[in-house]
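Take a look at the letters that make up each chain.
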2 protein chains.
Amino acid sequence: MILPSILSLSKQLIRQALHPGDAAVDATVGNGHDTLFLAETVGASGLVFGFDIQAEALQAARCRLEAANLEGRVTLFKESHHRMADCLPAEVHGRIKAVMFNLGYLPHGDHAIITRPETTVPALDAAARLLVPGGMMSVVLYTGHPGGPEESEAVIRWAKKLSPHRFQTMWVQLPNRNHAPSLLAVEKRREAP
Amino acid sequence: MILPSILSLSKQLIRQALHPGDAAVDATVGNGHDTLFLAETVGASGLVFGFDIQAEALQAARCRLEAANLEGRVTLFKESHHRMADCLPAEVHGRIKAVMFNLGYLPHGDHAIITRPETTVPALDAAARLLVPGGMMSVVLYTGHPGGPEESEAVIRWAKKLSPHRFQTMWVQLPNRNHAPSLLAVEKRREAP
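This text gives an overview of the structure that appears in the document. (Residues numbered from 1 in each chain as written. Chains lettered and ligands numbered in written order. Predicted model: local features only at pLDDT ≥ 70, side-chain atom pairs only at ≥ 80, totals over all residues. Heavy atoms only, no water.)

Below, the discussion takes up the overall build of chain A. Across its full length, chain A holds six helices and seven strands. The order of α-helices and β-strands along chain A, N terminus first, is α-β-α-β-α-β-α-β-α-β-α-β-β. Computed over the C-alpha atoms, the radius of gyration of chain A is 16 Å, within 12% of the 16 Å expected from 2.2 N^0.38 for a compact globule of 193 residues. If you line up chain A on its principal axes, its C-alpha atoms span 45 × 40 × 40 Å. Looking at chain A residue by residue over its 193 residues, the buried ones come to 56%. Partitioning the intrachain contacts of chain A with sequence separation of at least 6 by distance along the chain shows that 72% fall at a separation of at least 24. Where the 19 positive side-chain charges of chain A centre and where its 19 negative ones centre are 6 Å apart. (Helix = DSSP H or I, 4+ residues; strand = E, 2+ residues; numbered from the N terminus. Rg over C-alpha atoms; globule rule 2.2 N^0.38 Å. Buried < 20%, exposed > 50% of the residue type's maximum accessible area, 1.4 Å probe, protein only. Contact = heavy atoms within 4.5 Å. Lys, Arg positive; Asp, Glu negative; His and termini not counted. Charge placed at Lys NZ, Arg CZ, Asp CG, Glu CD.)

And the structure:
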């Protein structure tokens, strides 16, 4: 297939912005798949910061990173992602090359624990500020669980308000797949168009 | 920028499906920009078929193709695109690798002459049938002119009904650009997923 899945499109776009030695954020660690992907992409001289409020998620991610021998370049925070600016060291503020969000609930976890617009939107604001010009944010959105459609709408409303002079955005949906995730990509411009 | 414009994303996707020696359709010739792009991409052994109802458009496209010395591989029809199946030679039915639609009105032409859902949707149906498995269709949609939002909605409603077993689809919007075009891409599957 030429047209990618939402998850592989998300990685394709992040990979174009993120290079060895860079700093990246996984805003929703979950089982650590994206954290591992980011850790591989930034290489031995790079840094990854991960956020999740569930100890279970962080433990799974830690195991995954240790199995790949990549835990040394990753710092995990048991914190809500809306607090990411407070947690990140000052020297990476405004220097983050990539931020990944994968919203909804923890797969194989408690489906009642979901990301919510009240914290998701402030987390997106924080991420947009932390990005370096040329940096990329990917947000995978789900509508198949209770609260999912409302969260997706809140995220897209947020994206619509971003200044087109400072951010390029793209929202990718799969119209003929019921409850397939969609992807919002946000790139911080290097200069005004 | 990493995130492409709608028009360059459309060409990127078509280029991945279309190769020298292939057959392609420009369903909305207009000033012939896409016709020229398709003619370049299919090479000397390929074929391009173009449709437009406006003589003015076909004349502009013909000039453009002649200037590039590519008119020999292009057949232009002064016909509505919903009649494309009747116009194409039988030997290319089911063998078309790429179809491009760029809806709305002719730039620098009469803005009252617009594509309309009553003919656009049958044209999309025809194009979906003419495509070879592995072939790609791109549809650039505009909402900034009267009738544009209704046409976009009709096209997306059409896409939602496509069988996910036979077609992979992707709808790309730019949330923070007012009246920016959006892109619907439709890929015919080689085999069921």
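What follows covers the interface of chain A and chain B. Each partner contributes to the interface: chain A provides 29 residues, whereas chain B provides 29 residues. Summed over both sides, the interface between chain A and chain B buries roughly 2,800 Å², with carbon and sulfur atoms accounting for 62% of that surface. Of all residues in chain A, the largest losses of buried area upon contact with chain B belong to A:Ile2, A:Leu3 and A:Asn176, amounting jointly to 27% of the total for that side. At the boundary of chain A and chain B, one finds zero salt bridges. Across the chain A-chain B interface, the total number found is 12 residue pairs in polar contact (both at pLDDT 80 or more). Every element with two or more residues in the side of chain A that touches chain B is listed here: helix H1 (6–17), strand E5 (131–141), helix H6 (148–160), strand E6 (167–173) and strand E7 (182–188) of chain A. No other element matches the seven residues that E6(A) contributes to the side of chain A that touches chain B. Looking at the side of chain A that touches chain B residue by residue, the classes come out as 18 nonpolar, seven polar and four charged. Here three bridges tie E6(A) to strand E6 (residues 167–173) of chain B, and the two strands are oriented antiparallel to one another. (Buried area = accessible area lost by both parts, 1.4 Å probe. Salt bridge = Lys/Arg side-chain N within 4 Å of Asp/Glu carboxyl O. Polar contact = N/O pair within 3.5 Å; in protein donor to acceptor, adjacent residues only side chain to side chain. Nonpolar A, V, L, I, M, F, W, Y, C, P; charged D, E, K, R; others polar. Pairing = 2+ DSSP bridges.)

Leaving glycine out, the prevailing phi sign among residues is negative, and the prevailing peptide bond configuration is trans. Residues and elements named next belong to chain A. A positive phi angle is found at Asn69, which is not glycine, with a value near 60 degrees. You can see Asn69 is positioned in the loop between helix H3 (55–67) and strand E3 (74–78). Judged by its relative accessible area of 62%, Asn69 falls in the exposed class. The backbone phi angle of His179 is positive, close to 60 degrees, even though this residue is not glycine. Secondary-structure assignment places His179 in the loop between E6 and E7. Given the relative accessible area of 54%, His179 is considered exposed.

Attention now moves to the packing of aromatic side chains. All names here are of chain A. Tallied over the entire structure, the rule returns two aromatic pairs over all chains. Consider the rings of Phe51 and Phe77, whose centres lie 5.0 Å apart with planes at 15 degrees: the pair is stacked. With Phe51 in strand E2 (residues 47–52) and Phe77 in strand E3, this residue pair connects regions lying 26 residues apart in the sequence. Each member of the pair, Phe51 as well as Phe77, carries the same accessibility label: buried. (Phe/Tyr/Trp six-rings, centres within 6.5 Å; stacked < 30°, edge-to-face > 60°.)

On to the relation of the copies chain A and chain B. The operation relating chain A to chain B is a screw motion whose rotation component is 180 degrees, with 0.0 Å of axial translation and a residual RMSD of 0.0 Å. The transformation just described matches what one would write down for a two-fold rotation axis. Minimal C-alpha distance to the rotation axis in chain A is attained by A:Val172, lying at 2.3 Å. Looking at chain A, 100% of its interface residues are interface residues in chain B too, so the copies touch through the same face. (Least-squares fit on C-alpha atoms with pLDDT ≥ 70 in both.)

A few words now on the pattern of salt bridges. Residues and elements named next belong to chain B. Applying the stated criterion to the full structure yields six salt bridges over all chains. For Asp22, the salt bridge identified is with Lys97, shortest N-O distance 3.1 Å. Of this pair, Asp22 sits in the loop between helix H1 (6–17) and strand E1 (23–26) while Lys97 sits in strand E4 (residues 96–102), placing them 75 residues apart in sequence. Residue classification places Asp22 among the buried residues on the basis of a relative accessible area of 13%.

Let us look at helix H3 (residues 55–67) of chain B. All names here are of chain B. Relative to the 18 Å expected for 13 residues at 1.5 Å per residue, H3 spans 18 Å between its end C-alpha atoms, a close match to the ideal helical length. Among the residues of H3, Ala57, Leu58, Ala61 and Leu65 are the ones counted as buried. For H3, the angular spread of the buried residues around the axis is 95 degrees, confining them to a single face. After H3 finishes, the residue Asn69 shows a positive phi value of roughly 60 degrees. (Expected span 1.5 Å × (residues − 1). Arc of directions from axis to C-beta.)

Here the focus is the side chain of B:Arg189. Tracing the backbone through its elements, the reader meets B:Arg189 in the segment after strand E7 (182–188). Of the side chains with opposite charge, B:Glu187 comes closest to the buried, unpaired B:Arg189, at an N-O distance of 7.4 Å. A polar contact of 2.9 Å, which involves the side chain of B:Arg189, links it to the side chain of B:Gln168. When near neighbours in sequence (up to four residues on either side) are disregarded, B:Arg189 contacts A:Met1, A:Arg177, B:Pro133, B:Gly134, B:Pro164, B:His165, B:Arg166, B:Phe167 and B:Gln168.

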